[in-house]
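Chain and residue survey
One letter stands for each residue in the lines below.
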Amino acid sequence: MTSVTDLPQSALSASTLSSNKTRPRLEPRPVDEALYTRAQAEGLSELQARLLASRLPGYSGELLPLISPSLRYLAHPEKLADGRRAAERIAQAVAEGEAIGILTDYDVDGITSHVVIRRTLVELFGVPEGKLHSLIGHRINDGYGISLPLVERTLAQKPFPTLVITADCGSSDEPRIARLKAAGIDVVVSDHHALPIEGPPSSAYACVNPTRSDCDYPDKTIAGCMVAWLLMSLARGVLIEWGALPDSTPKLSPWLSYVALGTVADCVSLGGSPANRAVVNHGLTLINRMDAACWRAMATRLGADSVPFNAETLAFQMGPRINARSRLDDPYAALHFMLAENDGVANRQLDVLDQDNQSRKAIEADMAAEARTLATAALDADEPAVVVLLEDGHPGVQGIVASRLVQAYGRPALVLTQATAPGMLTGSGRSIDGLHLRDALQRTYELAPEALPRFGGHSGAAGVGVPRDQLDAFKAAFLRAVGEQLEGRTLYPRLWTDGELSTAQLSLTTLQEIETLGPYGREFDPPLFEGRFIVEALRPVGADGAHLMLELSTGPVTCKAIWFRALTPGELPGFNVGDTLHCAYKLNRNRWRGRETLQLMVEHASAI
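Keep in mind the model is a prediction, meaning the values are calculated, not measured.

**A look at helix α14 (residues 343-374)**
- For α14, spanning 32 residues, the distance from its first C-alpha to its last is 45 Å, which sits close to the expected 46 Å at 1.5 Å a residue.
- Inspection of α14 places Ala-346, Gln-349, Leu-350, Leu-353, Asp-354, Asp-356, Asn-357, Arg-360, Glu-364, Met-367, Ala-368 and Ala-371 among the buried residues, and these make up the whole buried set.
- For α14, the elements touching its buried residues are α11 (293-302), α12 (311-328), α13 (332-339), β7 (386-389), α16 (398-409) and β8 (413-418).
- By the N-cap criterion, in which a side-chain oxygen at the helix start approaches the backbone nitrogen of a residue two or three places on, α14 is capped by Asn-342, the distance to Gly-344 being 3.1 Å.

Have a look at this one:
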C-alpha cells in the first residue's frame, strides 16, 4: 500500500484552485520526432517511444545502454584524471598500515560514499577498524565540505592519519587542504561538484573529479558515491597488481546498492547517463535481495507491500530519513544505520532517523509558509528568482523549502538563514530546467565578489555563504546572473504531461510497460498523464484529513485514486461528487495483502 510518509508534495491543493499565482499550467512534453521514430524501430512500444523521445530531446547516442541499463556500459575508472595516482596512494596506505581518515559530506550522497569506502577498506582490504577515522561534518556547526572545525578534529585523531580520503566534497577546499598537508597529511579528493575557476585544489595529493576539464571519464553527471566506488575499485586493482591482495579478492559490485541510493537521492541525471541508469538499476536488484540489515529494517518500517523497492522508494522514503538526521543533528546515526550488522541495531537507528524526519517535516511546514509569504514581493516584481531570508529559519531545512518554492512558482529559489558565524548568512538554492545554478553563482561572484565569499554545488542545487551587510548586493548580482542565463524567459509553475491515456490503457499492463523503461528520476521524470474524470466518491483521509481518497471514472472505467496533501487540515475540497476534474496523475501499483490493483496518484486537479 502506498505510504504517505514522504511522498513529493502535490503541485496544488484542492483548496487553492483559484489562485493564479500558484496554479500550474499543464503542458504536453515536446516530442523529438526523430528519436520517437528511431525508438520504435528499435523495438519500443508507441508509448515507451513517446516517453523516451519527450525526455531526451536531441539525444543521438545509442539507445540500448539507456533502455537496457547494464554495468557493461560503465567506463573504466582508469579514465578518471588522477585516478591512478589516487588509487596508488590509497594502496600504499593499506599496504604500509597507515591510519586513514574518511572525510565525507553529511547528506545521503556523502553517507553512502562513506559506507562504500569504509566497507571496502575493512572487508576487502583488511584494514583494522582502529586504523580508520570517520570524519563527517556537522551541517550547522561546521558547514559543508572540509571545514576548519573538521580539520581541527582530523588533526586531533589518534592514531594520527597520514592519509585522508574525501568523498562528495573537497574540490573547493584548497585552504583547508593546505592546512592538512602542512601537518603531514596527504589528501585524496574524490568529488563530483563543479570545480572552482582556478581548478583542482593544488595542495591535494590527487583530485578525482569527472568535471575536471582534463578528465577523460565520459560521464560528468555521476554522483559522489559513484566516484568513490570507482576510485576504490581502482585501488583494489592496484593492490592485486602489487601482490598485496589475492586475485580472488571480491569486486565492489555489492556496494552498488549504496551507490544506487546515493545517486537517486542526490538528484543527478537519470536521463542520458548510461552510468547512472546502470548503477541504479543494478543497485535496486541488490537492495531487493534484502541482504543488508538497513534494507530489511526499512522494508519492515514501510510494510511488506512496499517491496520491491523502486527509485521512488529511495528518493522519497529512505533519502529523506537519512538526510533528516544531518539537517537537525550530527549525521552519525545515519552512518550507523547504513552500516548496521543486524536488524536490531538497524531498527534502533531507524527509530532515531524517523523521529528526526518527523521533526524536520514540522519545521519545514512552518518555514515554507513564511517563505511563501515573503516570496510575494519577488512575484509581484516578476523577478527571475525568489530570494528569501528566514530570520528564525533552521539552516538544515533551507534546501527543502527552496524546492517547495521552485515547485510553487516555477522559478529558481534561494533560502537564507542565519549562520553560526557572526554577521554571516547561509543559504541553499534549487534550480529549474534551463538554469545552471552553480554557473549563476560563479557569475554572481564575478559581479560582487565581496558579497559571496563561499559557494559551491552543481546545476540543480547549490549552497552559499553571504555576509549579512552584503545581502542587498548579493541579491542584485544574483538576480542579474540568473536573468542573463534565462534571457527573458517567461517563468511560471508548470507540469509537463505525457498526454492522455485511453480507457484501455488504464491498467496494470500499461504500468508494467512504463516501469520497463525505468529507472525514473531527475531529467527522466516518471510519466505524468492528464485526463478528465467524473468524481464518483471522495473522502478526506490521514491523521489530519489532508489527503483525498477518490473514485474517478472516465467512460466505462472507474479507478481508485489518492491525492496526497490535497487539503490543508480542516478545509473541504472545492468540488463534489458528480463534478468533472481535469487531472494530472501517475499510474501506481497499490499492494494490499498480496493483491495488486491500479491506483491513480493525482498530482493536480481543477474542476471543469
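**Here's the deal with the pairing of strand β2 (residues 100-104)**
- With respect to burial, β2 is a largely interior element, 5 of its 5 residues being buried.
- Both faces of β2 are covered, namely the face carrying Ile-100, Ile-102 and Thr-104 and the face carrying Gly-101 and Leu-103.
- The pairing of β2 with strand β3 (residues 132-136) spans 5 bridges and is parallel. When the bridges of β3 are listed, Gly-101 appears paired with His-133.
- As for the winding sense of the linkage, the β-α-β connection from β2 through helix α5 (residues 108-124) to β3 is right-handed.
- Pairing of β2 with strand β4 (residues 163-167), which is carried by 5 bridges, proceeds in the parallel orientation. Across the sheet, Leu-103 pairs through a bridge with Thr-166, a residue of β4.

**Describing the sheet that holds β4**
- One open sheet holds the 5 strands; their spatial order is β3-β2-β4-β5-β6, and the pairing between them is parallel. The sheet is open, and its two borders are formed by β3 and β6 (206-208), each paired with just one other strand. Neighbour-to-neighbour, the strand axes of the sheet open up by a mean angle of 15 degrees, direction not taken into account.
- The strands that helix α6 (residues 148-155) touches are β2, β3 and β4; relative to β3, the one it contacts most, it runs at about 165 degrees.
- On the sheet, helix α8 (residues 224-241) packs against β4, β5 (186-190) and β6 and is oriented at approximately 125 degrees with respect to β5.

**With respect to unusual backbone geometry**
- In this model, Lys-158 is joined to Pro-159 through a cis peptide bond whose omega is -5 degrees.
- Within the secondary structure, Pro-159 is located in the loop between α6 and β4.
- For the bond running from Gly-518 to Pro-519, omega is 10 degrees, close enough to zero to count as cis.
- Positionally, Pro-519 belongs in the loop between α19 (508-515) and β13 (529-541).
- You will see that Asp-82, though not glycine, has its phi angle at about 70 degrees, which is positive.
- As for its position among the elements, Asp-82 is in the loop between α3 (64-67) and α4 (83-95).

**A look at the pairing of β13**
- Across 6 bridges, β13 lies against strand β16 (residues 580-592) in antiparallel orientation. In the sheet register, Phe-533 faces β16, and the bridge partner there is Leu-581.
- With 7 bridges connecting them, β13 and strand β14 (residues 547-554) associate as antiparallel partners. Each bridged residue has a counterpart across the sheet, and for Leu-538 the counterpart in β14 is Leu-550.
- Between β13 and β14, which follow one another and run antiparallel, lie 5 residues, and Gly-542 among them has a positive phi close to 95 degrees.

**What about the pattern of salt bridges?**
- Under the criterion given, the structure shown has 36 salt bridges.
- Ionic pairing is found between Glu-364 and Arg-360, a salt bridge with its closest N-O pair at 2.5 Å. Residue Glu-364 and its partner Arg-360 are both found in helix α14; the two are separated by 4 residues, about one turn of the helix. Each member of the pair, Glu-364 as well as Arg-360, carries the same accessibility label: buried.
- Salt-bridge contacts for Glu-446 lead to Arg-443; the nearest nitrogen and oxygen are separated by 3.6 Å. Residue Glu-446 and its partner Arg-443 are located together in helix α17 (residues 437-447), separated by 3 residues, close to a single helical turn.
- Overall, Glu-446 belongs to the partly exposed group, its relative accessible area being 45%.
- Overlapping salt bridges bring together Arg-29, Arg-55, Asp-498 and Asp-525 as one network.

Parameters at a glance
- Residues numbered from 1 in each chain as written.
- Predicted model: local features only at pLDDT ≥ 70, side-chain atom pairs only at ≥ 80, totals over all residues.
- Heavy atoms only, no water.
- Helix = DSSP H or I, 4+ residues; strand = E, 2+ residues; numbered from the N terminus.
- Expected span 1.5 Å × (residues − 1).
- Buried < 20%, exposed > 50% of the residue type's maximum accessible area, 1.4 Å probe, protein only.
- Contact = heavy atoms within 4.5 Å.
- Polar contact = N/O pair within 3.5 Å; in protein donor to acceptor, adjacent residues only side chain to side chain.
- Pairing = 2+ DSSP bridges.
- Right-handed = clockwise from strand over helix to strand, strands pointing away.
- Axes fitted to C-alpha atoms, helices over the stretch in contact; angles between N-to-C directions.
- Salt bridge = Lys/Arg side-chain N within 4 Å of Asp/Glu carboxyl O.

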